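Observations on the three-dimensional arrangement
So the chains spell out like this:
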Amino acid sequence: MLTALLVVALLGAVALIAWLAWQLRGERRARIARDAQLAQWQTRMGDGAARLTRPSRGLPTPVIVGDSVDPMADVLRLVRDALGAREVTYWRRASQGGLAPSASSLGSAVPSADGAAPHAQWSDAEGLVSVVDTEAGPLLVGPVPAQEGADTRGALVARGAPGWPTDKADAKRRMAECGEAVARVQLLLDAQRSAAEYSNGIMRVLDVSKDFNAARDPERLAELVCETAIALFGMARGAIVRWDPAHAAGHVAAVAIGHPVEPGQAVDPLSAAGEACAEVRTVLWQDATRAREGYGIFSPTEPHWPTGAVLAVPLVRSRAVFGALVVETDRAGAIREQPLRMVSLLAELVMPSLESLWNYEAVERRARTDPLTGLWNRRHFEEELAKVVLQAERYTKPLSVIMVDVDHFKRVNDTHGHDAGDRVLRHVATLLRDSARNVDLVARLGGEEFVLLLPETPATGGAEFAERLRRTLEATPAPLGDGHTVPVTASFGVVGYPAPGLTASRVVAAADAALYAAKRDGRNRVALA
């Protein structure tokens, strides 16, 4: 289908050029010369249309027609001969807004401005043709009008010998016709280039997407998607958001290297990413500097960093949104149709793999989580302890383990009921979790017993931390949910590793022995093994 469209576009260009040659015929001798040149180019176009090849992945996409890599130069040579000029240049609107030489009858040797710029600007702005005498020779300048659906606007600047053109009125008429024809040819060439770039982009995305299915870690997969958006589509930053539609909340799951946002940052519904997820629609800010005021890319309270355009594409599976791909550029207005389609395609391709890995991760996390308190369970603690002990031995870095047992917990159950006992356990779990560092691990071993694993912490540091926990817990009664509270204390046993005479397999037993020593000595205290 795509190849057929390209062929139609190229054949349309042939027809337009034929019409141009017919419209611009002059004296008999010039007409014969033009017809011969046009026939030659038509032959090249016809042969070349069937020889269009897909460009190599990852390389720029040239427009190749026959043996020419610049069809517009061929068109401008026809214009040059029709006008009897020495050279013709097509000035087109640049991304910065002004006009710049885009193509020339000289081919790749686009001439310098030589004072033509103001005349080209005037012709483009006024839509008029003029003949101007300059020190470098006479200029014939005419507008290239915009075409529907594309900005082909600009100007044609033709240069001639002194005394040219002999018939200024006829030259102006021909220049106006040339401008119309060049605009239509440029429209077709733009369509061809866009289709080729889109095809090339699809192949590059599909090529990279093979790695998506091979990924086994959701965080690495999310990072790979962000890096792909930056590498293939010229984005400056990328992030993946994970969204919980049941609670209308989410967080940043992964970012590309150098992103000012850290994974784990909350995503507010009042943000570009939050709006894409909450309303299940693509959000595009062409000027993020103005759009994010009081709103934010991820949160209204986020620190501002220089941003041009922002695109947030929701990740939807089975009519449910589970995240978003958020990309940014440094320049406002830089996310046009092509990158938007490519980023959307990238989001479509990553959805199945990312959803599957996140679902697996959720199931695995539930298997390692205590359902009552939300802390890690014994299984996860024991596996992580083995890893941390191995690292401590390899890199000679200390670790501490703190065993915690709630004092007189049975008395709470007997006096206030098991529901109150559950509230006390959740209260203790929250206090332990909130007091720990990000690198620490907090787990519930069962009943009223908890454990903390502190990497890179010597035994003295572990004992000091346990004492702070004990004081905080003693000073913070647990709410029972009926307006009443109950005082809570706990006993702590601390062990450091490595330690003389202590093997890795005996770390937990040593911490447990210290815990029972604390309980034996009166409870509500810290004992160091």
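In every chain, residue numbers begin from 1 and rise along the written sequence. With the structure being a predicted model, the display of local features is reserved for residues of pLDDT at least 70 and the display and counting of side-chain atom pairs for 80 or more, all residues being used for whole-chain, interface and lining totals. The basis for every side-chain value is the complete set of heavy atoms in the structure, and neither hydrogens nor water enter the calculation.

1. So, the side chain of serine 353
Going by this rule: Starting at the N terminus, helices and strands are each numbered in turn, a helix being any DSSP run of H or I of at least four residues and a strand any DSSP run of E of at least two. The contact criterion used is simple: two residues touch if any of their non-hydrogen atoms lie within 4.5 Å.
Checked against the element boundaries, serine 353 lands in helix H9 (residues 337-367). Beyond its immediate sequence surroundings of up to four residues, serine 353 is in contact with Phe212, Asn213 and Leu221.

2. Notes on the sheet that holds strand E5 (residues 154-159)
Rules: Criterion used throughout: strands pair if DSSP finds at least two bridges between them. Axes, fitted as lines to C-alpha atoms, cover a helix only where it is in contact. Angles between the N-to-C directions of the axes lie from 0 to 180 degrees.
Spatially, E2-E1-E5-E4-E3 is the arrangement adopted by the 5 strands of the open sheet, whose pairing is antiparallel. Strands with a single pairing partner mark the edges of an open sheet, and in this sheet they are strand E2 (99-104) and strand E3 (130-134). Sheet twist, expressed as the mean angle between neighbouring strand axes with direction ignored, is 30°. Where helix H3 (residues 71-83) meets the sheet, its contacts fall on strand E1 (87-93), E2, strand E4 (137-144) and E5, and the angle it forms with E1 comes to roughly 130°. Contacts from helix H4 (residues 117-126) reach E1, E2, E3, E4 and E5, with the element oriented near 30° to E4.

3. Describing the packing of helix H6 (residues 218-233) against H9
Short version of the rule: Working rule for angles: under 35 degrees goes down as roughly parallel, over 145 as roughly antiparallel, 65 to 115 as roughly perpendicular, anything else as oblique. Gly is placed with the polar residues, together with every amino acid not listed as nonpolar (Ala, Val, Leu, Ile, Met, Phe, Trp, Tyr, Cys and Pro) or charged (Asp, Glu, Lys and Arg).
At a minimum axis separation of 9 Å, H6 and H9 run at an interaxial angle of 170°. Classified by the angle between their axes, H6 and H9 sit roughly antiparallel to one another. Of the residues in H9, those in contact with Pro218, Leu221, Val225, Thr228, Ala229 and Phe233 of H6 are Met342, Val343, Leu346, Val350, Ser353, Leu354, Leu357, Trp358 and Glu361. Its residues assigned to classes, the contact of H6 with H9 shows 12 nonpolar, 2 polar and 1 charged.

4. So, the sheet that holds strand E18 (residues 526-528)
Sheets are built from strands that pair by backbone hydrogen bonding, the pairs being arranged parallel or antiparallel. Spatially, 5 strands are ordered E13-E14-E12-E17-E18 in an open sheet, and the strand pairing comes out mixed. In this open sheet, the two edge strands, each paired with only one partner strand, are strand E13 (441-446) and E18. Across this sheet, the average inter-strand angle for adjacent strands is 20°, counted without regard to direction. Where strand E12 (residues 399-406) lies against strand E17 (residues 490-497), 8 bridges are found, and the strand directions are antiparallel.

5. Describing the pairing of strand E14 (residues 449-455)
For a regular strand, side-chain orientation follows a simple rule: the groups alternate between the two sheet faces. Using the following cut-off: Using a 1.4 Å probe on the protein chains alone, a residue whose accessible area is under 20% of its type maximum counts as buried, one over 50% counts as exposed, and one in between counts as partly exposed.
A large share of E14 lies buried, amounting to 7 of its 7 residues. Burial of E14 is two-sided: the residues Glu449, Val451, Leu453 and Pro455 facing one way and the residues Phe450, Leu452 and Leu454 facing the other way are all buried. In this structure, E12 lies alongside E14, joined through 7 bridges in antiparallel fashion. Among the inter-strand pairings, leucine 399 is bridged to a residue of E14, identified as proline 455. Looking at chain direction, E13 and E14 are connected through 5 bridges and run antiparallel. Residue pairing for E14: leucine 441 is matched across the bridge by leucine 453. The loop that links E13 with its antiparallel partner E14 comprises 2 residues; one of these, glycine 447, has a positive phi angle of about 55°.

6. Thoughts on helix H10 (residues 378-395)
Residue pairs three or four apart in sequence face the same way in an α-helix, which turns once every 3.6 residues. Short version of the rule: What a helix should span is 1.5 Å times the count of its residues minus one. Pairs of N or O atoms within 3.5 Å make up the polar contacts considered here, provided that, within protein, one atom can donate a hydrogen while the other can accept it, and that residues adjacent in sequence are counted only when both atoms are side-chain atoms.
Over its 18 residues, H10 runs 26 Å from end to end, which matches the ideal 26 Å to within 8%, given 1.5 Å per residue. Of the surrounding secondary structure, the elements contacted by the buried residues of H10 are E12, E13, E14, E17 and helix H14 (507-520). Backbone nitrogen of arginine 379 and a side-chain oxygen of the N-cap are separated by 3.3 Å at the start of H10; the cap is asparagine 377. Looking one or two places after H10, you find threonine 396, whose phi comes out positive at around 50°.

7. Details of the layout of surface pockets
Going by this rule: Using only the protein atoms, space was sampled on a 1 Å grid; points where a 1.4 Å probe fits but cannot get out form cavities, open sets with protein on both sides within 12 Å along at least five of seven lines form pockets, and lining residues are those with an atom within 4 Å of a point. Grid points are joined across faces, edges and corners, and a volume is the space filled by probe spheres set on the points.
One number sums up the size of the second largest pocket: a volume of about 650 Å³. Put simply, the parts of the chain that give the lining of the second largest pocket at least two residues each are H6, strand E7 (249-255) and H9. Class assignment of the residues belonging to the lining of the second largest pocket gives a composition of 7 nonpolar, 3 polar and 7 charged.

8. What about the packing of aromatic side chains?
Worth spelling out the cut-off: Stacked, tilted and edge-to-face are the three classes assigned to paired rings of Phe, Tyr and Trp, where Trp is represented by its six-membered ring and a pair needs centres within 6.5 Å; plane angles under 30 degrees give stacked, over 60 edge-to-face, the rest tilted.
Per the counting criterion, the structure on display carries 2 aromatic pairs. The interplanar angle of 50° and the centroid separation of 5.6 Å between the aromatic rings of tryptophan 285 and tyrosine 295 together place this pair among those described as tilted. Of this pair, tryptophan 285 sits in strand E9 (residues 283-285) while tyrosine 295 sits in the loop between helix H8 (288-291) and strand E10 (310-317); the two residues are 10 residues apart in sequence, bridging distant segments of the chain. For tryptophan 285, a relative accessible area of 10% gives the class buried. Aromatic side chains phenylalanine 322 and tryptophan 358 sit 5.8 Å apart centroid to centroid with 85° between the ring planes, which places their arrangement in the edge-to-face category. You can see phenylalanine 322 sitting in strand E11 (residues 320-328) and its partner tryptophan 358 sitting in helix H9, a full 36 residues away along the chain. Taking the relative accessible area as the measure of exposure, tryptophan 358 reaches 5% and is therefore buried.

9. Some thoughts on the environment of arginine 470
Residue position: arginine 470 is located in helix H13 (residues 459-474). Sequence spacing of arginine 470 and leucine 432 is 38 residues, and the spatial spacing of their C-alpha atoms is 9.9 Å. Once residues within four sequence positions are removed from consideration, arginine 470 is found in contact with Ala490, Phe492, Asn524, Arg525 and Val526.

10. Observations regarding the pattern of salt bridges
The criterion, for reference: Every case where a carboxyl oxygen of Asp or Glu lies within 4 Å of a side-chain nitrogen of Lys or Arg is listed as a salt bridge.
The tally for this structure, following the rule as stated, stands at 34 salt bridges. As a salt-bridge pair, aspartate 190 and arginine 92 come within 2.4 Å of each other at their nearest N and O atoms. Residue aspartate 190 is located in helix H5 (residues 168-214), and its partner arginine 92 is located in strand E1; the two are separated by 98 residues in the primary sequence. Taking the relative accessible area as the measure of exposure, aspartate 190 reaches 17% and is therefore buried.

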